[in-house]
Amino acid sequence: MLEHLYLIETSIAAMIAHTLKHGESQPVEEKPIHLTVDRSKKVEAPDFARPDNRFFTRHELEGKLHQSRQRLRQITEQANPADLEAKSFPHPIFGPLNLKQWVEFVGYHEQRHLAQIEEIKAQLP
C-alpha cells in the first residue's frame with residue numbers, strides 16, 4: 001500500500017505540474033472528494049498505480065513517500081492560487097477536479113488506505 005500511495009502521489013504531482021504549465025483555465029464545480037474515505041465502495045487501482053513485485057524495505061518506501069510529498073508541496077507552494085482553482089484535469093471516479101481538489105484528494109486517499117491498513121491489522125492473529 002505504501003508503494004501504491006507513492007505511485008499515486010507522484011502521478012498527481014506530475015499532472016498538477018503539467019496542468020499548471022500547459023493547461024487552460026477550465027473551472028469546474030467542486031466534487032464530494034471526501035467520499036474517497038468510504039471503504040464500502042471498492043475501487044480498482046489504475047495500472048500505473050499498482051505496485052510491481054519488487055521488494056522495498058519500509059525505510060525505502062518511507063523515503064519515496066517523503067520525496068513525493070516534498071515534490072507535491074514544492075509544486076503547490078510555487079503555484080498561483082488562482083490557477084489551482086481555475087485549472088483542472090479528470091479523476092476516474094469524480095470527473096474533472098480542480099488542482100486544489102486534487103491536492104486535497106491526496107489526503108483523503110491516504111486516509112482511505114490507512115483505514116485499510118487498520119482493517120488488515122485487526123484481522124492478524
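Anything mentioned here points back to the structure above.
For clarity, every value in this text was computed on a predicted model and none was experimentally measured. (Residues numbered from 1 in each chain as written. Predicted model: local features only at pLDDT ≥ 70, side-chain atom pairs only at ≥ 80, totals over all residues. Heavy atoms only, no water.)

Asker: Teacher, can you tell me more about helix α1 (residues 2-22) here?
Answerer: Since the α-helix packs 3.6 residues into each turn, any two residues three or four apart lie on the same face. Helix length check: α1 (21 residues) gives 30 Å between terminal C-alpha atoms against 30 Å at 1.5 Å per residue, within 8%. If you follow the buried residues of α1, they end up packed against α2 (58-78), α3 (81-86), β1 (88-91) and α4 (99-123). (Helix = DSSP H or I, 4+ residues; strand = E, 2+ residues; numbered from the N terminus. Expected span 1.5 Å × (residues − 1). Contact = heavy atoms within 4.5 Å.)

Asker: Can you help me understand the packing of α1 against α4 in this one?
Answerer: Look at α1 against α4: their axes get within 10 Å of each other, and the N-to-C directions meet at 175°. Between α1 and α4, the interaxial angle falls into the category roughly antiparallel. Where α1 approaches α4, its residues H4, L5, I8, E9, I12, I16, T19 and L20 are matched on the opposing element by L99, W102, V103, F105, V106, H109, E110 and H113. (Axes fitted to C-alpha atoms, helices over the stretch in contact; angles between N-to-C directions. Parallel < 35°, antiparallel > 145°, perpendicular 65-115°, else oblique.)

Asker: Honestly, α2 in this entry has me stumped. Any pointers?
Answerer: Given a rise of 1.5 Å per residue, 21 residues ought to cover 30 Å, and the 30 Å separating the end C-alpha atoms of α2 matches this to within 8%. For α2, the set of buried residues is L61, L65, S68, L72, I75 and T76. The buried side chains of α2 occupy one side of the element, clustering within an arc of 95° when seen end-on. More than 90 degrees from the buried face of α2, the exposed residues found are H59, H66, Q67, E77 and Q78. (Buried < 20%, exposed > 50% of the residue type's maximum accessible area, 1.4 Å probe, protein only. Arc of directions from axis to C-beta.)

Asker: Sorry, what's going on with the layout of surface pockets here?
Answerer: Leftover empty space is mapped by rolling, across the atoms, a probe with the size of a water molecule. Considering only enclosed or pocket space, the largest pocket measures out at about 700 Å³ in volume. In terms of lining, the largest pocket is formed by 30 residues, of which the most central are V43, E44, P46, F105 and H109. Elements represented by at least two residues in the lining of the largest pocket include exactly α1, β1 and α4. By residue class, the composition of the lining of the largest pocket is 17 nonpolar, seven polar and six charged. (1 Å grid on protein atoms, 1.4 Å probe; cavity = no way out; pocket = protein on both sides within 12 Å on 5 of 7 lines; lining within 4 Å. Points joined across faces, edges and corners; volume = space filled by probe spheres on them. Nonpolar A, V, L, I, M, F, W, Y, C, P; charged D, E, K, R; others polar.)

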